[in-house]
Amino acid sequence: MKFLKTLQHHRYFLAFIFLFAYAQSIQGRILVRQTVNFYTFTPEGAIATFIESCVVFLIIIYLFKNFQKNNALSLVWVVKVFTLSLLLYLFVANVFSAIVALIFNTWDRNFIYEVILNNNIGNVLDVCIYGGFFIAYIFYQRNKKDAERLLNYNNALADSKIAQLKAQLNPHFLFNNLNALDQLIEEDKSKASDFLNDFAELYRYVLEVSSKQLVPLEEELNFAKSYFRIMQHKFGNGYELAIIAPTTVDGFVAPLTLQLLIENAIEHNLGTESNPLNIQIEIVEKLTVKNNLSPKKSKKIGGGRALENLREQYVLLSNQSLLIEQTETTFTVSLPLISG
């Protein structure tokens, strides 16, 4: 079964070798006989060359398995393997020819200088051609496996990194809103009760998406609206939210992206009813969150960590980073929309 699986795995390469040997056989017969007939296309020459090539492959495999110290394929090592394979094949081919000549009593005809020289030149050319094909194929297979291992490693690393970033963001979300609840309890118990109900619904969403790398943008927009309502429980009309988006919203984003950006705008800017902070979410080719600047006098210690976490998530998820632009009057964050 293992042998059959090996043949199945390398079937395209073996098919290529046979077709190449067949084409070589046809060309040789045309050049020698200067004519084309039924015999020109008979496959026995190609079959013999294919079997000889498989012997070369087995010799190369044996040398690789038994004498290679590590998985690295250096040029010097490949040249050594190729040279040893050539010598071993010439030895095996000549011994086999001698045995056949003795069995069929054709020694005087098959083992003269001209025949031996001609056969060995042909053998050298075959090893160079088919052995070269096989070593190139080995390089291809190893590079393919290395690429797959690297991709799997990078994916695992990215998944782990994203999980770590989410683990940082979710407690951050919980802590900030419990602080808001604590303040509301002191100020207005009725508002605190409404806030708690809304917050329970929102945190249920947070728990649902915490294991996901991406969520539909439409879901995230609905979550952002609900989150902003919670913020209005605390700040009243000091902050305003406007969403400019098409009727049908496509694309995916990292979970809690909009919540984080809205929270970032509120934390770093002062909004009042007479001079509200305007937060605008716009969706065209990118997702853009923009707010006017009204910096608070006391800056938050350790600020910027949430945006840095978000930046790392988008690099891992899409190989694109978010773009932050700040002018004298506005602060804008632009993010790529990720296709599903």
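Source: prediction; values computed, not measured.

**A few points about the overall build of the protein chain**
Secondary structure summary: the protein chain contains 10 helices and seven strands in total. Sorting the 340 residues of the protein chain into buried and exposed places 35% on the buried side. Taking as baseline every contact in the protein chain between residues at least 6 positions apart, the subset at least 24 positions apart corresponds to 71%. With the model as given, the accessible surface of the protein chain reaches about 21100 Å², and the carbon-plus-sulfur share is 60%.

**Digging into the sheet that holds strand β5 (residues 286-292)**
Reading across from one edge, β2-β4-β5-β7-β6 is the order of the five strands in this open sheet, with mixed pairing throughout. Only two strands of the sheet have a single partner each, and these edge strands are β2 (239-244) and β6 (323-326). On average, each strand axis in the sheet is tilted by 15° relative to the strand beside it, whichever way the strands run. Where strand β4 (residues 277-283) lies against β5, five bridges are found, and the strand directions are antiparallel. Looking at the pairing, glutamine 280 lines up with lysine 290 of β5. The sheet contacts of helix α9 (residues 257-268) involve β2, β4, β5 and β7 (330-336), and relative to β4 the element is tilted by about 155°.

**Overview of the confidence of the model for the protein chain**
Residue-level pLDDT values for the protein chain average 83, and 89% of them are 70 or greater. The element-level mean pLDDT for the protein chain is lowest in helix α5 (residues 107-110), coming to 74, with β4 highest at 95.

**Remarks on helix α2 (residues 11-33)**
Counted at 1.5 Å a residue, the expected span for α2 with its 23 residues is 33 Å, and the 33 Å between its end C-alpha atoms agrees. For α2, the full list of buried residues reads Phe13, Leu14, Ile17, Ala21, Ser25, Ile26 and Arg29. Glutamine 34 lies just past α2 and shows a positive phi near 55°.

**Details of the packing of aromatic side chains**
Here a ring pair, both rings aromatic, is described through the centre-centre distance and the interplanar angle of the planes. Tallying each qualifying case throughout the model produces 15 aromatic pairs. Between phenylalanine 57 and phenylalanine 134, the aromatic rings sit 4.5 Å apart at their centres with planes inclined by 20°, giving stacked as the arrangement. Highlighted residues: phenylalanine 57 in helix α3 (residues 44-67) and phenylalanine 134 in helix α6 (residues 113-187), separated in sequence by 77 residues. Taking the relative accessible area as the measure of exposure, phenylalanine 134 reaches 9% and is therefore buried. Aromatic pair tyrosine 205 and phenylalanine 223: ring centres 4.5 Å apart, planes at 25°, arrangement stacked. Residue tyrosine 205 is found in helix α7 (residues 189-209), and its partner phenylalanine 223 is found in helix α8 (residues 217-235); the two are separated by 18 residues along the sequence.

**Describing the packing of α7 against α8**
Where α7 contacts α8, the two axes come as close as 9 Å, and the packing angle between them is 155°. Viewed along their axes, α7 and α8 adopt a mutual orientation that is roughly antiparallel. For the crossing formed where α7 meets α8, the hand is left-handed. Where α7 approaches α8, its residues Lys191, Asp194, Phe195, Asp198, Phe199, Leu202, Tyr205 and Val206 are matched on the opposing element by Glu219, Glu220, Phe223, Ser226, Tyr227, Ile230 and His233. For the contact of α7 with α8, the class distribution of residues is eight nonpolar, two polar and five charged.

Analysis parameters
Residues numbered from 1 in each chain as written. Predicted model: local features only at pLDDT ≥ 70, side-chain atom pairs only at ≥ 80, totals over all residues. Heavy atoms only, no water. Helix = DSSP H or I, 4+ residues; strand = E, 2+ residues; numbered from the N terminus. Buried < 20%, exposed > 50% of the residue type's maximum accessible area, 1.4 Å probe, protein only. Contact = heavy atoms within 4.5 Å. Areas by Shrake-Rupley, 256 points an atom, 1.4 Å probe, with all protein chains shown as cover. Pairing = 2+ DSSP bridges. Axes fitted to C-alpha atoms, helices over the stretch in contact; angles between N-to-C directions. pLDDT = per-residue confidence, 0-100. Expected span 1.5 Å × (residues − 1). Phe/Tyr/Trp six-rings, centres within 6.5 Å; stacked < 30°, edge-to-face > 60°. Parallel < 35°, antiparallel > 145°, perpendicular 65-115°, else oblique. Left-handed = near helix turned anticlockwise from the far one by under 90°. Nonpolar A, V, L, I, M, F, W, Y, C, P; charged D, E, K, R; others polar.

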